4 protein chains.
Amino acid sequence: MYRLREEKVFKDPVHQSIYVQEATIWKLINTAEFQRLRRIRQLGTSYLTFHGAEHSRFSHSLGVYDITRRIISQFERNGYQDWPQEEKMVSLCASLLHDVGHGPFSHAIEQVFDTNHEEWSCAIILGDTEINRVLKEVSEDFPEKVAAVICKTYDKPIVVSLVSSQMDADRMDYLLRDAYFTGVNYGTFDLDRILRVLRPYRGRIVVKESGMHAVEDYLMSRYQMYWQIYFHPVTRSSDIVLRQIFMRARELFREGHAFKFLLPPLAQLLNGTIGLRDYLALDEAMVQTAFGQWADEEDEILADLCKRFLNRRLYKYVPLDNPHETLEEELREQWERIGLHPDYHLQMDTPTNLPYDVYKPGSPDPEPKEKTPVLVLDEKDRLTEISLKSDIVRSIAGLHTGKYYIYYPEDLVLPHVNRLKPEIREMLGL
Amino acid sequence: MYRLREEKVFKDPVHQSIYVQEATIWKLINTAEFQRLRRIRQLGTSYLTFHGAEHSRFSHSLGVYDITRRIISQFERNGYQDWPQEEKMVSLCASLLHDVGHGPFSHAIEQVFDTNHEEWSCAIILGDTEINRVLKEVSEDFPEKVAAVICKTYDKPIVVSLVSSQMDADRMDYLLRDAYFTGVNYGTFDLDRILRVLRPYRGRIVVKESGMHAVEDYLMSRYQMYWQIYFHPVTRSSDIVLRQIFMRARELFREGHAFKFLLPPLAQLLNGTIGLRDYLALDEAMVQTAFGQWADEEDEILADLCKRFLNRRLYKYVPLDNPHETLEEELREQWERIGLHPDYHLQMDTPTNLPYDVYKPGSPDPEPKEKTPVLVLDEKDRLTEISLKSDIVRSIAGLHTGKYYIYYPEDLVLPHVNRLKPEIREMLGL
Amino acid sequence: MYRLREEKVFKDPVHQSIYVQEATIWKLINTAEFQRLRRIRQLGTSYLTFHGAEHSRFSHSLGVYDITRRIISQFERNGYQDWPQEEKMVSLCASLLHDVGHGPFSHAIEQVFDTNHEEWSCAIILGDTEINRVLKEVSEDFPEKVAAVICKTYDKPIVVSLVSSQMDADRMDYLLRDAYFTGVNYGTFDLDRILRVLRPYRGRIVVKESGMHAVEDYLMSRYQMYWQIYFHPVTRSSDIVLRQIFMRARELFREGHAFKFLLPPLAQLLNGTIGLRDYLALDEAMVQTAFGQWADEEDEILADLCKRFLNRRLYKYVPLDNPHETLEEELREQWERIGLHPDYHLQMDTPTNLPYDVYKPGSPDPEPKEKTPVLVLDEKDRLTEISLKSDIVRSIAGLHTGKYYIYYPEDLVLPHVNRLKPEIREMLGL
Amino acid sequence: MYRLREEKVFKDPVHQSIYVQEATIWKLINTAEFQRLRRIRQLGTSYLTFHGAEHSRFSHSLGVYDITRRIISQFERNGYQDWPQEEKMVSLCASLLHDVGHGPFSHAIEQVFDTNHEEWSCAIILGDTEINRVLKEVSEDFPEKVAAVICKTYDKPIVVSLVSSQMDADRMDYLLRDAYFTGVNYGTFDLDRILRVLRPYRGRIVVKESGMHAVEDYLMSRYQMYWQIYFHPVTRSSDIVLRQIFMRARELFREGHAFKFLLPPLAQLLNGTIGLRDYLALDEAMVQTAFGQWADEEDEILADLCKRFLNRRLYKYVPLDNPHETLEEELREQWERIGLHPDYHLQMDTPTNLPYDVYKPGSPDPEPKEKTPVLVLDEKDRLTEISLKSDIVRSIAGLHTGKYYIYYPEDLVLPHVNRLKPEIREMLGL
């Protein structure tokens, strides 16, 4: 009943061809809300570090759908009893839509405005949208089911773990895709092999023991990608500049500053009152256009930050071996002394507060909302969390190698460098 | 004097690593005008056909620089007498900057507003810009030299042909890059081998005969890319919608329509009076933001076109085998009868008027402004234009397989389909 | 009934994973006759030109099986009526076994001893072999059916054309595989896309018109591979040396020469009386071992030729632009004058007599034993031979660019160069 | 003085093109002893597990040469003082020739006959060979210098560590090459990046700290390759069968058995008296030919083993969790009871005694003959062994995950299975 007469094909650099056979999926892709993902980059500001990383959340979402489709197709082909066949459609829709709530430069905006893309995804799925109307064609309660999978409250955990677990379709696609578009070759692993060793087993997706080395390789890739791509200090720098733009704009907005340029969605965002319609109008084009206009605002701090972002004149970074407790205080004091603004011209940073994790072991029966760890199924049908079996995984699982960094605008500090304390100068390498 | 103390590296998915050793190149990359290329897609609207094609002119420009650098390095390593070593710097700068004048969705804008990106490149190089200031550091007349190479008036044709000829660094990069990002494998050819068989010879870059098959392969790739990517009818459709947005907006502007949203660069563009500063402020973010706002304009045609573009509801296309001369007239008349606007809801199209050509043979001593053809150097130092040697090349060189297509908004026509003449309905497959 | 309990997987560099689901296929792969293909190189002496080309006919045969399996699986998935589903097993077996009759350095041996690998394939399938026994398990007449497909006498031409036509599984695999192992990138084409546009249609495999560009690309790859790999003059040189070894050995054998080393299969080969059992014992290891021993034979010509082959001291080649009719005569006369043997120390060669063809158009209803050409199916169900639709294909189809070459041992000629006629010396570049 | 007039190019699937610019290198490649490496597989019997792994030591040796050349070229380009420029030629020659002493199925032969390929390499370089004559053209003592590098007694440790250390050109090539030809993607790492972060430093090759993640990735690849490829139990099985053939043949030889087929080099090998000339005549073709003939020997054990090897009817393997001490004894006793030969029909195996190691940390100043560990150079010029800096490396460095396996011919055991003790049957899964 949902089959297209002729399957549709998307040419994809990562998966070669992505096939769509279901009318519902095809209609979802063609909604305004899903097409909007074309205007939101998958990796936020990373394109300022890796110029190839200009790919959108649109292409990633198609990729997650495709991997989910291939996993389910393997389960069906082999006739595994533990896979609930009636859950195919909800799984495919949830995998396609899991990121539909992402806004422009999502992580930065979430941090500054305390929003949450998962909640927005559910709002889009359940609200007055084209997506909601397409899903309702399946059944009246279908939008709720899809939203429940994305919010991890769905009553079939196996469906949730397809879309969201320590080895879900989401991660598999983004590691391969981000590696392809940045051009690094750390993120490559044997997707074909991993898909072949997945098994549905008592409400979970588990891994056959014979595939453990392939999973180790996937976790290693993930480890490498985090340190090489996601935590790259230059990307951190551009994220910091971006966040400071929003923080400064909000501060000015609260102070009643008369912006020369401020479209309603941005105003609502700064005001903390943004609704669904305005949120959907926000995209990276609008944010970049605003920055271009704000570069001419009278407020010097805002104008300077916007110019830095657009022209890629980012903050310099300096790693700190053992920052003492009062260092930040001290730096702020020094910054004020030379006329810089300690809130905007200085940032201390450690990557651990990023929305990525290398790998966390966990209980085979995790709390709701926790991600299922990777479980290995041996020939005698015993399940073991992978880090108990693999020395390699155990060793990365426990790693905390994030460094502290100071970020600051070198060009603004340099003219006043003589007025800084010698130990600070030395620490900053000035 | 121009060497960086430590070479800089860009990770590039196509060339793996792009090295910058010259301070001038590094400074040029960091100018505001060059960074702006990050906000302009290499393939215009093609991302609506191939979702991976989201790469920017920034990455392409780095690639052209890199190929040029490798060609020159090969010439230097082998000590070829016919290569004027003092031209290295002007060649590198021209290759990096050759596309710096591209605006957002360049080909569409050039067609509607009759601008020319090459002229803009020269205006940026010669005008009051950061780029101009960096180039002047080399020598007072250096900007003029770089501009002359790009405008093909430079007095050393060998330098012009590096950057602009039938087998220049520009094409070599874009074929490989566009193939990589779209995900097709038609565009791949053996770059390494081609770079090895190039020779400077009496003021031209020519190809050793032993490399002829590699060049055939390159020209075949080009042929395939044109038909598979550049002339793809879905991309033509999105280009048509885009052009019609601009045409409609200009028409409204001339009629004195009060746009709810119109930033100065756009107003100047519509007015035909855009200057350098405003041109540099135009980017695809601003254009997309305008479309998002215009989607709420009162003018129904403009609003409809903008929604189509953003939500990818493009015009349908129908190929025409042998369009008779009066067909367009007839269609326009029918369109008016059913209440559609023949200027905006109908477009006849053939790809031959695109800024791409498959391969044109030419004289070994072309007129100024004409592109040098590919010249083959045999063991007895005779030069021959390649299509005289290669049956394959001769066969593509003469091909004109562009089809006529009609493009129109199917959803607007369908409700009135009964009022169309039967032969028109049959032709449109309705 | 033929399904394996668990599918088997071969890791393959070209197709990633090759799956075997049928017990019959698995058993065929494990026969002694099929394992023997591991000791026969796919590209004969090409490894002396391209050192990576060391891959065996074993891996190619698995690849042909895999492509055939994917084509049939596509036909089944789409439920095409024109595909006779009961022919799956015979198609898979024939595709796996089509090359099983190849001997060591097959093309050279076929030329010298006038054998034919296709006949040997049928002899192996029908004779007293493990393969025959496995096939008989399917049904008593199954070996005959498989042999009929390979010998092109099977009464379902659609099955024959899967395994042997202008665009069969055989060619698709060898182009991709030979490109992979030699390391050239000419042979790559979009296999995935081609497999999707194939259709069973009235007893043939045809191509949907929308896939024509992909087919053009495949034929271009084939054209490039022929000139770059298969007709490479260095490979021709090693083939010539190889053939001359066999010719000399046969001559000596007929003269009653007492070889120090001559295993029965080789003796039977030289004697022209080789039977199935001895043929199956022949492999490239035995041939190379014989050459190693013959390098110490008293016959100087044979010893010299064997050393040349093993130590890769091949004949030099000189291209001839317009060889006049009596040139060969003249050269032979000169060769004799300087004490060389005109049969063994001289060879004139043109590639046209190779077992490869670039592309030959043909009738849609070819004579038995002729290969079906590529037929394009348009939207109105009309079939057209591709070269009538594609200028590109037409242009390669008619090409005869094979050059004449002279091959000779330069080191043996050099000492006597002064005694050669001046025009001959000039022609040889000596 | 050693430059070729025109550089030579080898097309290589791993490195694309391998360039030879020095006449000495070109001549070395063309010696009979080096060409012989074409007839010796890089991965021994692995082609029986991974059918693509048919590549030769010839191609690997060229690859090692190429990587060495690129490392040295980087050192020269950057003008590093710590690189002794006069050592270029000896480094290149040693890298090309480091494996020239390998015989057929080297590891198995070394184990059975207690030979050592490194010693053979030196014997070939110093003996009456074409290689020796080519090297002597450089200088009288040049062969000794090259041999000293290979035997790790050369007085410039930096040269030794290029060719032989924990991150030498040898390993970098074989990991990439073996991954390419087997078709797995575990072995890929960023060679380009690693080559860029190598530095000559006080008599060693060290790694800049900024490249540490790339080195981690390389060591991970190595770890994966060992478990996925080099220690693959099917390959172990074919190695065992091979060793047993040689052991049985030697036993028969010592007993005075009259072999129907036994060429002098094999006889000398079995006799333990093989000299340089005979060793050079040994290749895999001769070994396989012997096996083909021995398959008809009267000795049933030898004939059976040879057929198993040629027809890939290998021994079955069973992993053992905790083998008790007397297990082997017990199994041998049972084997004898059912009429099997415990020396030939049974083998217990653990991979730790293979000539591969995952990574061993070591002292920065290792004993002569020990491999230098990977040393990281930080910005303050401090050297640290990598496992002290990297948790990941530390975790693999200590891993001993090799399992015990029993190998045996299942088909010979099955008929007697009822006579085996129940606990043995259960352990063997029979």
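Nothing here was measured: the structure is a model prediction, and the numbers come from that model.

The next point concerns the pairing of strand β3 (residues 198–201) of chain C. All names here are of chain C. Here β3 shows no split at all, with Leu 198 and Pro 200 on one side and Arg 199 and Tyr 201 on the other all buried. In the sheet, β3 pairs with strand β4 (residues 204–208) via 4 bridges, with the strands oriented antiparallel. By the bridge assignment, Tyr 201 is partnered in β4 with Arg 204.

On the side of chain A, 41 residues touch chain B, which itself brings 40 residues to the contact. For the pairing of chain B and chain A, the buried interface totals around 3500 Å² over both sides, and the portion due to carbon and sulfur atoms is 52%. Interface area lost by chain B to chain A is led by B:Arg38, B:His51 and B:Glu54, which between them contribute 21%. Put simply, B:Arg277 and A:Asp296 hold a salt bridge, and the shortest N to O gap is 3.9 Å. The tally of links from chain B across to chain A stands at 18 residue pairs in polar contact (both at pLDDT 80 or more). In terms of residues, the side of chain B that touches chain A owes the most to one element, helix α16 (residues 284–294) of chain B, which gives 5 residues. Taken together, the residues that form the side of chain B that touches chain A break down as 16 nonpolar, 14 polar and 10 charged.

Looking now at the UniProt feature "domain: HD/PDEase" (unreviewed entry) in chain A. Those places that UniProt annotates as "domain: HD/PDEase" (unreviewed entry) correspond, in this numbering, to residues 53–184 of chain A. For residues 53–184 of chain A, the helix share is 67%, the strand share is 0%, and the end-to-end C-alpha distance is 11 Å.

Once chain B is rotated about the relating axis by 180 degrees and shifted along it by 0.0 Å, it coincides with chain A to within an RMSD of 0.0 Å. The superposition of one copy onto the other is thereby described by a two-fold rotation axis. In terms of proximity to the rotation axis, the leading residue of chain B is B:Ala285, whose C-alpha is 2.0 Å off the axis. A shared binding surface is used by both copies, with 100% of the interface residues of chain B retained as interface residues in chain A.

With that settled, consider unusual backbone geometry. Positive phi values are uncommon outside glycine, yet B:Arg312 reaches one of about 55 degrees. Inspection of the secondary structure puts B:Arg312 in the loop between α17 (300–310) and β5 (316–320).

On inspection of all chains with the given rule, the structure shows 4 disulfides over all chains. A disulfide bridge connects C:Cys122 with C:Cys151, and the sulfur atoms are separated by 2.4 Å. When the S-S torsion is 135 degrees, as for the bridge of C:Cys122 with C:Cys151, the disulfide is right-handed. Placement of C:Cys122 in helix α6 (residues 117–126) and of C:Cys151 in the loop between α8 (142–150) and α9 (157–163) is noted, with a sequence separation of 29 residues between them. Note on C:Cys151: relative accessible area 17%, which makes it buried. Not engaged in a disulfide, the cysteine A:Cys93 finds its nearest cysteine sulfur in A:Cys122; these two sulfurs lie 14 Å apart. Since its relative accessible area comes to 0%, A:Cys93 is described here as buried.

In this section: the environment of C:Thr289. Mapping C:Thr289 onto the fold places it in helix α16 (residues 284–294). Separated by 273 residues in sequence, C:Thr289 and C:Gln16 place their C-alpha atoms 34 Å apart. Not counting the four nearest positions on each side in its chain, C:Thr289 is found in contact with C:Phe261, D:Leu263, D:Ala285, D:Met286 and D:Thr289. At 3.4 Å, the side chain of C:Thr289 and the backbone nitrogen of D:Met286 are in polar contact.

Before going further, it helps to spend a moment on the relation of the copies chain C and chain D. Overlaying chain C on chain D yields an RMSD of 0.0 Å, the required transformation being a rotation through 180 degrees with an accompanying axial translation of 0.0 Å. Most of the interface of chain C is mirrored in chain D, where 100% of its interface residues again form contacts.

Here the focus is the packing of aromatic side chains. Aromatic rings considered in pairs are described by the distance between their centres and by the relative angle of their planes. The tally for this structure, following the rule as stated, stands at 90 aromatic pairs over all chains. Aromatic pair B:Tyr226 and B:Tyr230: ring centres 5.3 Å apart, planes at 50 degrees, arrangement tilted. Placement of the pair is B:Tyr226 and B:Tyr230 together in helix α12 (residues 212–230), with a separation of 4 residues, close to one helical turn. B:Tyr230 matches B:Tyr226 in its accessibility class, with the two residues each being buried. Aromatic rings pair up to connect A:Phe105, A:Phe113, A:Phe246, A:Phe259, A:Phe291, A:Trp294 and A:Phe309 into one cluster. Seen from the ring of A:Phe58, A:Arg38 lies directly overhead, with NZ or CZ sitting 3.9 Å from the centre. The ring of C:Tyr47 has C:Arg41 lying over it, and the distance from NZ or CZ to the ring centre is 4.0 Å.

Conventions and cut-offs
- Residues numbered from 1 in each chain as written.
- Chains lettered and ligands numbered in written order.
- Predicted model: local features only at pLDDT ≥ 70, side-chain atom pairs only at ≥ 80, totals over all residues.
- Heavy atoms only, no water.
- Buried < 20%, exposed > 50% of the residue type's maximum accessible area, 1.4 Å probe, protein only.
- Helix = DSSP H or I, 4+ residues; strand = E, 2+ residues; numbered from the N terminus.
- Pairing = 2+ DSSP bridges.
- Contact = heavy atoms within 4.5 Å.
- Buried area = accessible area lost by both parts, 1.4 Å probe.
- Salt bridge = Lys/Arg side-chain N within 4 Å of Asp/Glu carboxyl O.
- Polar contact = N/O pair within 3.5 Å; in protein donor to acceptor, adjacent residues only side chain to side chain.
- Nonpolar A, V, L, I, M, F, W, Y, C, P; charged D, E, K, R; others polar.
- UniProt positions renumbered as here; feature names shortened; annotations may be inferred.
- Least-squares fit on C-alpha atoms with pLDDT ≥ 70 in both.
- Disulfide = S-S within 2.5 Å.
- Phe/Tyr/Trp six-rings, centres within 6.5 Å; stacked < 30°, edge-to-face > 60°.
- Lys NZ or Arg CZ within 6 Å of the ring centre and 35° of its normal.

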